[in-house]
Amino acid sequence: MKKILSLLISTILIIALVTGCSSSNNSKTSQNGTASSQNSKITITVMQSKTEIQSDLQTIIDDYNKSQDKVEVKLLGTSGDNFATVLQSQFSASPEKAPTIFTIAGPDTPKFQPYMAEIKNSKAAEMLADGVKDDVTVDGKLYGLPSAVEGYGLIYNKNLFKEANIDPASITSIDALVNACEKLSKLNGVVKPIAFAKETYFSFIHPFNWAFAVDPNYKTDIEKLDKGQITMKDIPSVVQWIKDMDKIKPYTNKALDSYDDQVAGFASGKYAMIHQGDWVQSVLDQDKPNFEYGIIPFPTGGNTKLAVGTATAWRVNKYATPEQQKAAIEFLDWLITSDKGQEYSADTLKFIPAYKGVKAPKAPLAAEVAQYVDKGQIIPWVYNNYFPNGIDVDGSNVIQKYYAGLIKNDDQFLSELTNVWVQDAGK
Amino acid sequence: MKKNSNTLTFWLFLIPSLFIFINVVIIPFILGIIYSFTDWDGFSFFGSKFVAFSNYLKVFRDQNFLSAFLLTFKYAIIMVIVSNIIGFSLALLVTRKMRTRNILRSIFFMPNLIGGLILGFIWQFIFTKLFVQLGTVLHASNIFFNWINDPNMAFWSIVIVSAWQMSGYVMIIYIAGLESINPDIIEASLIDGAGPVRRLFNIILPLTVPSFTISLFITLSNSFKQYDTNLSLTNGGPYGTTELLTMNIVQTAYKHNQYAIAQSKAVVFFVVIMAITLVQVYLTKKREVEM
Amino acid sequence: MEKAKKNMTILEIFGWVLTLFVIFPVYIMIINSFKDRKEIFTSELSLPKALNFTYYVQAIQKMDFLTALGNSLFITVTSVVFIIVLSSMAAWVLERNKTTISNIIFYTLVATMLIPFQSVMIPLVQYLSKWQIPGTNFSLIDTRYGLIFMNIGFGIGMSTFLFHGFIKNVPLEMEEAATIDGCNKFQLFWRIVFPNLKPIIVTVAILNVISLWNDYLLPSLVLRSPNLRTIPLSTFFFFGEFTIEWNLALAGLVLTIIPVIIFYLFSQKYIIKGVMAGAIK
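Small disclaimer: the values here were computed from a predicted structure and weren't measured. (Residues numbered from 1 in each chain as written. Chains lettered and ligands numbered in written order. Predicted model: local features only at pLDDT ≥ 70, side-chain atom pairs only at ≥ 80, totals over all residues. Heavy atoms only, no water.)

**Looking at the overall build of chain C**
Part 1 of the reasoning: When helices and strands are counted, chain C shows 13 helices and zero strands.
Part 2 of the reasoning: Reading chain C from its N end, one meets helices and strands in the order α-α-α-α-α-α-α-α-α-α-α-α-α.
Part 3 of the reasoning: Taken along the three principal axes of its C-alpha coordinates, chain C extends 75 × 70 × 30 Å.
Part 4 of the reasoning: When contacts within chain C are restricted to residue pairs at least 6 apart in sequence, those whose partners lie at least 24 apart make up 71%.
Part 5 of the reasoning: Here chain C has roughly 11,200 Å² of accessible surface; of this, 70% comes from carbon and sulfur atoms.
Part 6 of the reasoning: Side chains of chain C give 21 positive and 15 negative charges; the mean places of these two sets differ by 2 Å. (Helix = DSSP H or I, 4+ residues; strand = E, 2+ residues; numbered from the N terminus. Contact = heavy atoms within 4.5 Å. Areas by Shrake-Rupley, 256 points an atom, 1.4 Å probe, with all protein chains shown as cover. Lys, Arg positive; Asp, Glu negative; His and termini not counted. Charge placed at Lys NZ, Arg CZ, Asp CG, Glu CD.)

**With respect to the overall build of chain A**
Part 1 of the reasoning: In terms of regular secondary structure, chain A is built from 19 helices and eleven strands.
Part 2 of the reasoning: Each principal axis of the C-alpha atoms in chain A carries an extent, and together these give about 75 × 65 × 50 Å.
Part 3 of the reasoning: When the 427 residues of chain A are sorted by exposure, 60% land in the buried category.
Part 4 of the reasoning: Element-wise, carbon and sulfur atoms account for 52% of the exposed surface of chain A, whose accessible area totals about 17,100 Å².
Part 5 of the reasoning: Across chain A, the mean location of the 43 positive side-chain charges is 3 Å away from that of the 49 negative side-chain charges. (Buried < 20%, exposed > 50% of the residue type's maximum accessible area, 1.4 Å probe, protein only.)

**Some remarks on the UniProt feature "transmembrane region" (unreviewed entry) in chain C**
Part 1 of the reasoning: The feature "transmembrane region" (unreviewed entry), as annotated in UniProt, sits at residues 12-31, 73-94, 106-125, 145-167, 188-213 and 246-266 of chain C in this numbering.
Part 2 of the reasoning: Between the C-alpha atoms that bound residues 73-94 of chain C there is a distance of 31 Å. The span itself is 100% helix and 0% strand. (UniProt positions renumbered as here; feature names shortened; annotations may be inferred.)

**Quick word on the packing of aromatic side chains**
All names here are of chain B.
Part 1 of the reasoning: Considering all chains together, one arrives at 84 aromatic pairs over all chains under this definition.
Part 2 of the reasoning: Judged by centre distance (6.4 Å) and plane angle (80°), the rings of Tyr75 and Phe155 are edge-to-face. With Tyr75 in helix α3 (residues 63-94) and Phe155 in helix α6 (residues 151-179), the pair connects residues that are 80 residues apart, well separated along the chain.
Part 3 of the reasoning: According to the relative accessible area criterion, Tyr75 is buried, its value standing at 1%.
Part 4 of the reasoning: Classification of Phe155 as buried rests on a relative accessible area of 3%.
Part 5 of the reasoning: The ring of Phe155 carries Lys74 above its face, with NZ or CZ at 4.5 Å from the centroid. (Phe/Tyr/Trp six-rings, centres within 6.5 Å; stacked < 30°, edge-to-face > 60°. Lys NZ or Arg CZ within 6 Å of the ring centre and 35° of its normal.)

**Some remarks on the pairing of strand β1 (residues 42-47) of chain A**
All names here are of chain A.
Part 1 of the reasoning: The element β1 is extensively covered by neighbouring structure, given that five of its six residues are classed as buried.
Part 2 of the reasoning: In this sheet, strand β2 (residues 71-75) lies alongside β1 in parallel orientation, the contact comprising five bridges. For Thr43, the partnering residue across the bridge sits in β2 and is Glu72.
Part 3 of the reasoning: Relative to strand β3 (residues 101-104), β1 runs parallel, the two being bridged by two bridges. What sits directly across from Met47, in β3, is Phe102. (Pairing = 2+ DSSP bridges.)

**Observations regarding a nonpolar patch on the surface**
Part 1 of the reasoning: Taken together, the side chains of Trp11, Ile15 and Phe19 of chain B together with Ile101 of chain C present a nonpolar region at the surface, about 370 Å² in accessible area.
Part 2 of the reasoning: Among the elements that make up the nonpolar patch, the one with the highest residue count is helix α1 (residues 2-35) of chain B (three residues). (Patch = residues over 30% accessible without salt bridge, like charges linked within 9 Å, V, L, I, M, F, W, Y side chains within 5 Å. Salt bridge = Lys/Arg side-chain N within 4 Å of Asp/Glu carboxyl O.)

**Quick word on the interface of chain A and chain B**
Part 1 of the reasoning: Facing the 22 residues of chain A at the interface are 18 residues of chain B.
Part 2 of the reasoning: Of the roughly 1,900 Å² buried between chain A and chain B on both sides combined, carbon and sulfur atoms contribute 51%.
Part 3 of the reasoning: In this assembly, chain A and chain B are joined by two salt bridges.
Part 4 of the reasoning: One salt bridge in this structure joins Asp392 of chain A and Lys255 of chain B, with 2.9 Å as the shortest N-O distance.
Part 5 of the reasoning: At the boundary of chain A with chain B, the tally comes to eleven residue pairs in polar contact (both at pLDDT 80 or more). (Buried area = accessible area lost by both parts, 1.4 Å probe. Polar contact = N/O pair within 3.5 Å; in protein donor to acceptor, adjacent residues only side chain to side chain.)

**Topic: helix α8 (residues 174-185) of chain A**
Residues and elements named next belong to chain A.
Part 1 of the reasoning: In a regular helix each residue adds 1.5 Å, so twelve residues correspond to 16 Å; α8 covers 16 Å between its end C-alpha atoms and thus fits that length.
Part 2 of the reasoning: Taken residue by residue, α8 has Ile174, Leu177, Val178, Ala180, Cys181 and Leu184 as its buried positions. Along the axis of α8, the buried residues cluster in a sector spanning 160°; they form a single face.
Part 3 of the reasoning: Those residues of α8 hidden inside the fold are in contact with β6 (145-157), α7 (158-163), β7 (192-195), α11 (236-248) and β8 (271-277). (Expected span 1.5 Å × (residues − 1). Arc of directions from axis to C-beta.)

**Here's the deal with the side chain of Asp392 of chain A**
Part 1 of the reasoning: With respect to the helices and strands, Asp392 of chain A occurs in helix α18 (residues 391-403).
Part 2 of the reasoning: Judged by relative accessible area, which is 6%, Asp392 of chain A ranks as buried.
Part 3 of the reasoning: Of note is the side chain of Asp392 of chain A, whose polar atom sits 2.9 Å from the side chain of Lys255 of chain B.
Part 4 of the reasoning: Setting aside residues up to four positions removed in sequence, Asp392 of chain A forms contacts with Thr200, Tyr201, Phe204 and Ile205 of chain A together with Lys255 of chain B.

**Some details on the packing of α6 of chain B against helix α10 (residues 198-213) of chain C**
Part 1 of the reasoning: It is at 9 Å that the axes of α6 of chain B and α10 of chain C come closest, and there the two elements cross at 170°. The angle between α6 of chain B and α10 of chain C places the two elements in the roughly antiparallel class. Contacts from Tyr169, Ile172, Ile173 and Ala176 of chain B in α6 of chain B reach Pro199, Ile200, Thr203, Ile206, Leu207 and Ile210 of chain C in α10 of chain C.
Part 2 of the reasoning: In terms of residue class, the contact of α6 of chain B with α10 of chain C is made up of nine nonpolar, one polar and no charged. (Axes fitted to C-alpha atoms, helices over the stretch in contact; angles between N-to-C directions. Parallel < 35°, antiparallel > 145°, perpendicular 65-115°, else oblique. Nonpolar A, V, L, I, M, F, W, Y, C, P; charged D, E, K, R; others polar.)

**Brief notes about the interface of chain B and chain C**
Part 1 of the reasoning: The interface of chain B with chain C comprises 92 residues on the first partner and 95 residues on the second.
Part 2 of the reasoning: Summed over both sides, the interface between chain B and chain C buries roughly 8,500 Å², with carbon and sulfur atoms accounting for 79% of that surface.
Part 3 of the reasoning: Three residues stand out in chain B for area buried against chain C, namely Phe13, Leu113 and Phe121 of chain B, and they jointly supply 9% of the buried area on that side.
Part 4 of the reasoning: Seen at the junction of chain B and chain C, the total is one salt bridge.
Part 5 of the reasoning: Across the pair Glu12 of chain C and Arg99 of chain B runs a salt bridge, and its minimum N-O distance is 3.9 Å.
Part 6 of the reasoning: Here chain B is connected to chain C by eleven residue pairs in polar contact (both at pLDDT 80 or more).
Part 7 of the reasoning: Sorting the residues of the side of chain B that touches chain C by element identifies α1, α3, α4 (101-109), α5 (116-137), α6, α9 (209-224), α11 (245-254) and α12 (259-290) of chain B as the ones contributing at least two each.
Part 8 of the reasoning: The greatest single-element share of the side of chain B that touches chain C, amounting to 22 residues, is contributed by α1 of chain B.
Part 9 of the reasoning: A per-class count over the side of chain B that touches chain C returns 63 nonpolar, 19 polar and ten charged.

**Description of the domain arrangement of chain A**
Residues and elements named next belong to chain A.
Part 1 of the reasoning: If you check the domain split of chain A, you get domain 1 (36-150 + 310-375) and domain 2 (152-308 + 384-425).
Part 2 of the reasoning: Each of domain 1 and domain 2 has a C-alpha centre, and these two points are 30 Å apart.
Part 3 of the reasoning: Of the residues lining the interface, 17 residues belong to domain 1; the matching set on domain 2 comes to 23 residues.
Part 4 of the reasoning: Buried surface at the junction of domain 1 and domain 2, both sides included, amounts to about 1,700 Å², of which 54% is carbon and sulfur.
Part 5 of the reasoning: When residues of domain 1 are sorted by the area they lose upon contact with domain 2, Glu150, Leu365 and Tyr372 head the list and together hold 41% of the total.
Part 6 of the reasoning: Counting every contact that joins domain 1 to domain 2 gives two salt bridges.
Part 7 of the reasoning: One salt bridge connects Lys219 with Asp134, and the closest N-O pair in it is separated by 3.3 Å.
Part 8 of the reasoning: In this structure, the connection of domain 1 to domain 2 is made through five residue pairs in polar contact (both at pLDDT 80 or more).
Part 9 of the reasoning: Those elements giving two or more residues to the side of domain 1 that touches domain 2 turn out to be β6 and α16 (364-375).
Part 10 of the reasoning: A per-element tally of the side of domain 1 that touches domain 2 places α16 first, with seven residues.
Part 11 of the reasoning: For the side of domain 1 that touches domain 2, the per-class residue count stands at eleven nonpolar, two polar and four charged. (Domains from an automatic or database assignment.)

**Some points on the pattern of salt bridges**
All names here are of chain A.
Part 1 of the reasoning: Applying the stated criterion across every chain yields a total of 26 salt bridges over all chains.
Part 2 of the reasoning: With its nearest N and O atoms 3.6 Å apart, the salt bridge here joins Asp108 to Lys111.
Part 3 of the reasoning: Judged by its relative accessible area of 22%, Asp108 falls in the partly exposed class.
Part 4 of the reasoning: The class of Lys111 is buried, set by a relative accessible area of 10%.
Part 5 of the reasoning: The partner of Lys247 in a salt bridge is Asp175, and the shortest N-O contact between them spans 3.2 Å. Residue Lys247 is found in helix α11, and its partner Asp175 is found in helix α8; the two are separated by 72 residues along the sequence.

The following block contains the structure:
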């Protein structure tokens, strides 16, 4: 009996070993360009961070693969939270096996800089809008093609504004905003006029970005700040931003809601405004608000421009073969500039174009943002290239303290911000 | 002759395990230690410069690291005590001859299957919304309020959620220990007329010392490595007051891009914890022998 | 006897009262998997308005559930079988031969349980991706056997530790008797020792299944091709850049844990049977 048992176990083991190898080999047809060299097709791989568009993108790629027979595009799996880590592990192991096309933007970009190929001979590159070119340019060379731009500000409930008799166009100063908040807070059902979400980007990075984005000298100011030559106190727009935050703080939810709760609260009329961007569209649609909504700039220091930046950008792997790199740029050009690609980008992926003369999506928030872009009423996402790494966590700790009433005065706020900034910048 | 065949078996039985273990765990870990003495940037090691102990000096000057260290100690001590007491009691309960014991076991073990962001979703709801409602309804808003926004209670919320998971985990180990006690011994003690308390202390506990060694160590090491619950429940907040060690290390690496310093932190962490826990394992193992 | 029965019933009721604390969060998880987003964020606690399985159907489709289930099953089962076989063998020789070298090996295995995975993951992928055999497709990265290999490596420490603690329950006299009967070491282990480890084998299996079945981080680093995705990896669709499709994610999780609970229920029967078989002898 026992003999049979041990025999059985060892058989299972051997079978598992054998089938394990063979079945994985079968399924692992071609991960990279080299594996499918039996036909002359070039294989390129794509890995991107937006999980929401993954299945739509697959459909689009299938279409592209059918439309021509030179290149086979393969969409690799993505992962939400630890996308950058997964990508990093691939590049640190063997760059030539990492994806041919990958997306990255924001503070993680510099890490991947050594692995990005310069974008040359691209149709899309010539159509790139001026405001966003900066985001993907390093030392005068283009290192990526933005997939879309996104804009944020205060998303407001049009019905509540009408009810309180407020003209959104009149909110061009913090005092006007405070005034509006005063009126809105008297309405039935409104718990707080403004809500911020507590995630590090929403509670700190996005709001704090205004302080630099409205500063025409932000590049030099940040450079000096990094070196410790000046403190936050020496930057007038930052001082102004803090004064403005003091004024609106009583009217906010003190950034205590999660993103989900914040948007749900807006949809239910609990919050009249939320500090968010056009990306809330898909969530708002599911929350089914029974009112119309729009987006206005955050009026710190009289600002009337929306913060618009590159959400993410397509990058080409420098270590891919020249053929793969060329095929990658051709594919991206198709996606961004061809009629079919434009249609997909606007209608299926709902990308607000970062390119001139390209179709824009119809969703309400995206359309409003696109209008601001058209009129040039935009200021940059300074944090994408100029905020130090780790400031999202450290800065949001400071702002949480501020909301919790643990920061005595503006001076302390300024000095704590300076401290975390210098500490994160000076490594 | 016999000695030789013994040595041969010894290695034959060990080599498959050791081969995999060394390649998967030991070598990457040693690489990690090597990286901690360089300015490695998290990507290819090629081209990194040797910097001797400068990363380690930075680690010891990092105030956040030190406070995360202390907090993790506090957390681990509490967790070891709480989850082992609950886990062992649960195991005692569900090894009695009850009709529904299998279902009970499955239920107590279920929390282990809920991880990551979902865990955060469920418990954040309980601590941030349900508690606030309870506070209003029961007029006890000094007990039931938004725990996640209070530095002290946010810490305890992590303890509660981890205990909720970990107790069921160690219960499984204690069940194995209790089930392998020879029923004759219990029977004999019943005939001797031993009361339930005496039976527990004189018979059951001594016979389950191996399970205690294992469970204490596993709770200790899992508590020191706690990351998931920390991340999904409080994310270190409010204002960084509940940041445990692993989170501190992960953020040093992936948020601040200081990979080599993060490696040094991991090494410091490992050495300190290893010293403590090996003493613990050594002591309890010694007890097993004496028993 | 009457009194003992009554006591048992009281204990049983007490046990069920305790489960309320455990079940309540699970209850929240299950009821919300039937609600749409609006309902989730307005009435988390109440029962769903309608018991619709739309989100389950959607989750199954989006996750490509059957493929993922197949991958998860294959990877988990194979890893756990290897872990049990290899670490029980290792634990046995380590426990029965107390020498300096065996102590060093044992304590190294134990100590590495303390390494935070996050601090070895990048060196791990760097190192193991160098394992290639020229002229073949062999690779530990992006293959199921590669992930299994790593799972074994990470599972062996704790499992050996567990077996080590329980192996002394196997009476040495039995082993000696078998040796006299002419068993060699290999037969001795498989015929005498291993069958006597049943309860702890089941325990090791459960603990490893829990951690492997739900593991996200390691598979996300190792598996790249979509057709290799395990269940946790395939739920990524629901975890967006800014938000999560809670109803789908919750439905996905409920689907994920059902196989483990079934496995657990079966394994418990086996534990008790094993002990009873031992007792009859």
